[in-house]
Amino acid sequence: MIATVGFLGVVAAAVSSAALAVRGFHASAAGERDTSHWLRYPVLGLVVGAAVAMIALEAGLLADDFSIAYVANNSATTTPFLYKVASAWAALEGSLVLWGLVLALFVLSVWVGRARRGEDRLGAAALGFLGVVSLFVFVILATISNAFEVCTATYQGGIGCARSAALPWSASVAGVEGFGPNPLLQNHPLMALHPPTLYVGYVGLTVPFAFAMAALLRAESGDGWLRRTRSWTRIAWVFLTLGIVLGGLWSYEVLGWGGYWAWDPVENASFMPWLLATAFLHSAAVQLRRGVLQSWNFVLVIAAFALTILGTFLTRSGVIVSVHSFTQSAIGPALLWFLMIVLVGSLGLFAMRAHLVSSSPRLDSLFSREGAILVNNLLLALFAFVVILGTLYPLIVEAVSGDTVGVGRPFFDRVAVPLSFALILAMAVGPFVPYRAARPGVVWQRIRHPLRAGLVAAVAVVLLGRRNGWILLATFFAGFVVALAIRQLWVTARAAAAKAGGSIVVEAGRAMRRDPAYWGGQLSHMGVAFLALGIALSANSAVRGTVEMTPGDSASFAGHEVAYTAPFIRDLPNKTAFGATVEVRRGSELVAVLEPRLNQYASSRQTVASPAVDSGWRGDFYVALASWDEDGAIALDLYWFPWIWLVWAGAFTTAIGGAFAWLMRRRNAAPRPAPQEAVGV
Amino acid sequence: MSEAVRRWLAGVITVALAAVVVAAMIIGEDTAQDRVLALGTRIKCPVCQGESIAESPSETSTAMLAVVAEKVAAGESDAQIIDYFTDRYGSGILLDPPFRGRTLALWLTPLLALAGGVALILGLRRRRVAPRAPVEPAGEER
């Protein structure tokens, strides 16, 4: 019953998507004065269908309806409420249902925004392209990746689902118990938050793509499409950033070796489009201000979307093995075909229209804001290229020669570190270089005091006893970037206060509200600088050790005393936790009582580590249980991560900067002549 | 203090601060304890999904890392230890592709792309229309 409702929701969404595509392109071509009613039914059908599918899936999971194959294989009666909810995106089919819902909600937002504008041919065409993409998603959901298949045979003892049928109204068998989610995916509450956030960002990049394609289709050049595309990209970018950070946090809390980023193919899949979306947010500002780079902006938006499809293909088709990859499925070829269609279609359209939309390249001097942003774009695009190359290289070599080669963290680190520092340099100085052609004297005047502030910060770190080059370089840049932004705000506010006679603080707030894109950008830049410092610290000054202990033992580690008091076993409905109680002291002060565990889930023989962390401003004391014996003997992996909170604080600040630019943007931004507008980056 | 003296002093302070930082970087930190882990991150855990033996908690990784530690203690060089593992498991065991053979292109392609990008940007500048007089915004306007 639930399965039937869910499947009908998927079908309704697919039909509405097709109608949306047809109606959208028609409305764009016909151009009625008020076309909003034309698209009302397809949009509502899509949203309602997608919502029904999602609600049905959640209902099936929460009601333990094991006649649905997906529920039987990814949930269990003993699965806690939160993880039942999260099971909806813990496997391939369910994650596509969420994908479809997010896309439908974006369609609704675009439609609502467009209805306010009266005649809007660009928006109608964009909705047409969105309809095409969502048609693809829902057809996949209705056919080769159907979350609502019913179970026709269970495994021995009525557990799970061994065989399933595509049509949800065929006769079904309900087992008595399901398998439960993958142990790794029910080990931390962030599992409920990280995937949906990431999806909003990932799927959100479809909207900029749709607007870019609409502009190409209608041969519209200029600022109109760009403003709307930038604004949608910013929203997607904020969520993509948050999703990536939450993923890092999840991995830090769950995987048991204190890492937050491993250049895993799935991490790369979210990072590649992030790099290009970041590049676009910058080069869009150049186009708005100086009227150049229009063709490049089209390329960036199209490439960012294509990379989301490529990333989905890599991680959902089973061609690459990773912590995140789901089981092999037939969705791979379909995604590959879709990627081909997207690439050929969009690049073909671009080639046909390029002469109409391209702007004449006129760059007065490389030593200018647009020069700095060009360098930033080159570095970001190169970064994305290297990540793609490193991810695909083993596949290419294996396909060509049959040999296996490994490309992993050491390769990415070696390339990413110099690229990142070059980017940070451009990011620090770029916003303070004037447009068109800068005089060195002006730039020097703006950066000389902040430069000294950065050097003072680095010297302070030397005095604290650190001499690692990366840490010092990152400290310098953090001080430099923060001082640059504060100085700029101070100078702007002081000039305004002198003119208006108000207070500097009030004027500073006013200045930030007046140009949210610029100041949101500055906030993000500070976040990136702190993130870099956090990464440099965690990569170069973390302490790691392993101790074997029996109850009553204690050991000293990284300035702390670790005392192992007792082992414990806790039986919970869905798992058994084997753990150890560990007291951590600094001097005579008891800092924390930690309980690292190994969790054994009913569904799997494999145990999953559940590390315990004591976080403080000085750093994190991180304890993971490496082994646990019935006689009480344990092995502990101990880590000390100094200042690791800088990583999270920096990354969240980066996202907050984007959110500031998005939420504070001027409403009713009627197109104004570009040269007069104060658009910053 | 006259303006000239103040400027001179500021310059000296900046250079002195930079000198301290650069000197500290050159001296660097002692990272001898990390050689085992550094080697570990370059070797793939054969039973895991894309993790290195330094990261994976599996028994195989722990055993392999112990072999690395033994060889480091015995005074073998990094190259010797890496060769030991590639001889046994093949070149697929490395996460750190060498700068030769099948993975040479992996290192060279990004360099070519960088060169292409730089050429493109320089070309953009040369193709400019007649250069205009630089317009500096007055004072502190961005």
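Residues numbered from 1 in each chain as written. Chains lettered and ligands numbered in written order. Predicted model: local features only at pLDDT ≥ 70, side-chain atom pairs only at ≥ 80, totals over all residues.

### Looking at the overall build of chain B
Move 1: Looking only at helices and strands, one finds five helices and zero strands in chain B.
Move 2: In sequence order, chain B lays out its α and β elements as α-α-α-α-α.
Move 3: Every one of the 142 residues in chain B was classed for burial, and the buried ones make up 22%.
Move 4: Expressed as a percentage of contacts within chain B between residues at least 6 apart in sequence, the contacts between residues at least 24 apart total 41%. (Helix = DSSP H or I, 4+ residues; strand = E, 2+ residues; numbered from the N terminus. Buried ≥ 20, exposed ≤ 12 C-beta atoms within 10 Å, placed from the backbone. Contact = placed C-beta atoms within 7 Å.)

### Looking at the overall build of chain A
Move 1: Check the secondary structure of chain A and you find 19 helices and twelve strands.
Move 2: Computed over C-alpha atoms, the radius of gyration of chain A comes to 27 Å, within 12% of the 26 Å expected from 2.2 N^0.38 for 681 residues, which places it in the range of a compact globule.
Move 3: Taking the principal axes of its C-alpha atoms as reference, chain A extends roughly 75 × 70 × 60 Å.
Move 4: Across the 681 residues in chain A, those meeting the buried criterion constitute 56%. (Rg over C-alpha atoms; globule rule 2.2 N^0.38 Å.)

### A word on the interface of chain A and chain B
Move 1: Counting residues at the interface gives 56 residues for chain A and 50 residues for chain B.
Move 2: Contributing elements (two or more residues each) for the side of chain A that touches chain B: α13 (369–401), α14 (409–429), α15 (440–463) and α16 (469–500) of chain A.
Move 3: For the side of chain A that touches chain B, the leading source of residues is α13 of chain A, giving nine residues.
Move 4: Each residue belonging to the side of chain A that touches chain B can be placed in one class, and the counts come to 35 nonpolar, eleven polar and ten charged. (Nonpolar A, V, L, I, M, F, W, Y, C, P; charged D, E, K, R; others polar.)

### Points about the environment of F179 of chain A
Residues and elements named next belong to chain A.
Move 1: By secondary structure assignment, the location of F179 is in the loop between β2 (159–165) and α7 (194–204).
Move 2: Residue classification places F179 among the buried residues on the basis of 22 C-beta atoms within 10 Å.
Move 3: Spatially, the C-alpha atom of F179 lies 10.0 Å from that of F66, the residues being 113 residues apart in sequence.

### With respect to the nonpolar core
Nonpolar side chains tend toward joint burial in soluble globular proteins.
Move 1: In terms of nonpolar packing, the biggest core is built from 233 residues, with A214, L276, F477 and A529 of chain A touching the most fellow members.
Move 2: Excluding anything up to four places from it in sequence, F477 of chain A contacts I424, A428, G454, A529 and A532 of chain A.
Move 3: Counting 13 residues, the second-largest nonpolar core is a separate cluster that includes I43, A54, I81 and L95 of chain B. (Core = buried A, V, L, I, M, F, W, Y, C linked by C-beta atoms within 7 Å.)

### Digging into the sheet that holds strand β12 (residues 634–642) of chain A
Residues and elements named next belong to chain A.
Move 1: With respect to topology, four strands assemble into an open sheet ordered β3-β12-β11-β10, the strand pairing being antiparallel. One side of each edge strand has no neighbouring strand; the edge strands of this open sheet are β3 (543–549) and β10 (612–615). Across this sheet, the average inter-strand angle for adjacent strands is 15 degrees, counted without regard to direction.
Move 2: Strand direction decides the pairing type here: β3 and β12, joined by seven bridges, are antiparallel. Bridge pairing in β12 places V543 opposite W640. (Pairing = 2+ DSSP bridges. Axes fitted to C-alpha atoms, helices over the stretch in contact; angles between N-to-C directions.)

### Here's the deal with the domain arrangement of chain A
All names here are of chain A.
Move 1: Domain boundaries assigned for chain A yield domain 1 (1–181), domain 2 (183–402), domain 3 (415–533) and domain 4 (543–645).
Move 2: The C-alpha-based centres of domain 1 and domain 2 are spaced at 24 Å.
Move 3: Contact with domain 1, which involves 29 residues of that partner, is made by 30 residues of domain 2.
Move 4: Residue assignment for the side of domain 1 that touches domain 2 shows that the elements contributing at least two residues are α4 (81–86), α5 (92–115) and α6 (121–142).
Move 5: Residues of the side of domain 1 that touches domain 2, tallied by class, amount to 24 nonpolar, four polar and one charged. (Domains from an automatic or database assignment.)

### Re helix α9 (residues 223–254) of chain A
Residues and elements named next belong to chain A.
Move 1: For α9, built from 32 residues, the straight-helix expectation of 46 Å at 1.5 Å per residue is met to within 8% by its first-to-last C-alpha distance of 45 Å.
Move 2: Counting buried residues along α9, 26 of its 32 residues qualify, which places the element largely inside the surrounding structure.
Move 3: The first or second residue beyond α9 is G256, which carries a positive phi of 85 degrees. (Expected span 1.5 Å × (residues − 1).)

### Re the domain arrangement of chain B
Move 1: Entries for chain B in the domain assignment read domain 1 (32–94) and domain 2 (97–125).
Move 2: One C-alpha centre belongs to domain 1 of chain B, the other to domain 2 of chain B; they are set 30 Å apart.

### Topic: the confidence of the model for chain A
Move 1: The share of residues in chain A with pLDDT of 70 or more is 94%, and the mean pLDDT across the chain is 88.
Move 2: In the model, residues 668–681 of chain A has pLDDT below 50 throughout and makes 26 contacts with residues more than four positions away in sequence or in other chains. (pLDDT = per-residue confidence, 0-100.)

### Some details on the pairing of strand β5 (residues 560–571) of chain A
Residue and element names in this part refer to chain A.
Move 1: As defined by bridge partners, strand β4 (residues 554–557) adjoins β5 across four bridges and the pair is classed as antiparallel. Each residue of the ladder has a partner; that of S556, found in β5, is E561.
Move 2: Linking two consecutive strands that pair antiparallel, namely β4 and β5, is a turn of two residues; a positive phi of about 45 degrees is found at A558 within it.
Move 3: Of the strand pairs in this sheet, β5 and strand β6 (residues 575–586) are connected by ten bridges, and their pairing is antiparallel. Bridge assignment links D571 to a residue of β6, and that residue is T576.
Move 4: Counting the residues in the hairpin turn of β5 and β6 gives three residues.

### Focus on unusual backbone geometry
Residues and elements named next belong to chain A.
Move 1: The phi dihedral of A219 falls on the positive side, at around 50 degrees, and the residue is not glycine.
Move 2: Structurally, A219 can be placed in the loop between α8 (206–217) and α9.
Move 3: Assessed through the 12 C-beta atoms surrounding it within 10 Å, A219 is described here as exposed.

### Brief notes about the packing of α9 of chain A against helix α10 (residues 265–290) of chain A
Residues and elements named next belong to chain A.
Move 1: One way to put it is that α9 packs onto α10 with a least axis distance of 9 Å and a crossing angle of 145 degrees. The two elements α9 and α10 cross, and the hand of that crossing is left-handed. In contact with D223, L226, R230, T233, R234, A236, W237, L240, T241, G243, I244 and G247 of α9, α10 contributes E267, S270, F271, W274, A277, T278, F280, L281, A284, Q287 and L288.
Move 2: Residue composition of the contact of α9 with α10, grouped by class: twelve nonpolar, seven polar and four charged. (Left-handed = near helix turned anticlockwise from the far one by under 90°.)

### What to know about α15 of chain A
Move 1: Compared with the 34 Å implied by 1.5 Å per residue over 24 residues, the 33 Å span of α15 of chain A between its first and last C-alpha is a close match.
Move 2: Within α15 of chain A, the axis deviates most sharply at I447 of chain A, by approximately 40 degrees, and proline P450 of chain A lies no more than four positions further along.
Move 3: Inspection of α15 of chain A places R446, P450, L451, G454, L455, A457, A458, V459 and V461 of chain A among the buried residues, and these make up the whole buried set.
Move 4: Buried residues along α15 of chain A sit in contact with α16 of chain A together with α1 (3–27) of chain B. (Bend = angle between axes of the 7 residues up to and from the residue.)

### Some details on the packing of α8 of chain A against helix α11 (residues 294–316) of chain A
Residues and elements named next belong to chain A.
Move 1: The geometry of α8 relative to α11 is characterised by a closest axis approach of 9 Å and an angle of 135 degrees between their N-to-C directions. By the angle class used here, α8 and α11 are oblique. α11 is crossed by α8, and the crossing has left-handed handedness. Side by side, α8 and α11 meet where T206, P208, F209, A212 and L216 of the first sit next to F298, V301, I302 and F305 of the second.
Move 2: Residues belonging to the contact of α8 with α11 are distributed by class as follows: eight nonpolar, one polar and no charged. (Parallel < 35°, antiparallel > 145°, perpendicular 65-115°, else oblique.)

### Let's talk about the confidence of the model for chain B
All names here are of chain B.
Move 1: Residues at a pLDDT of 70 or more form 83% of chain B, whose mean pLDDT is 80.
Move 2: Taking the mean pLDDT of every element in chain B, the minimum, 84, falls on helix α2 (residues 35–40) and the maximum, 89, on helix α4 (residues 78–89).
Move 3: The complex prediction reports pTM at 0.91, with the ipTM value standing at 0.84.

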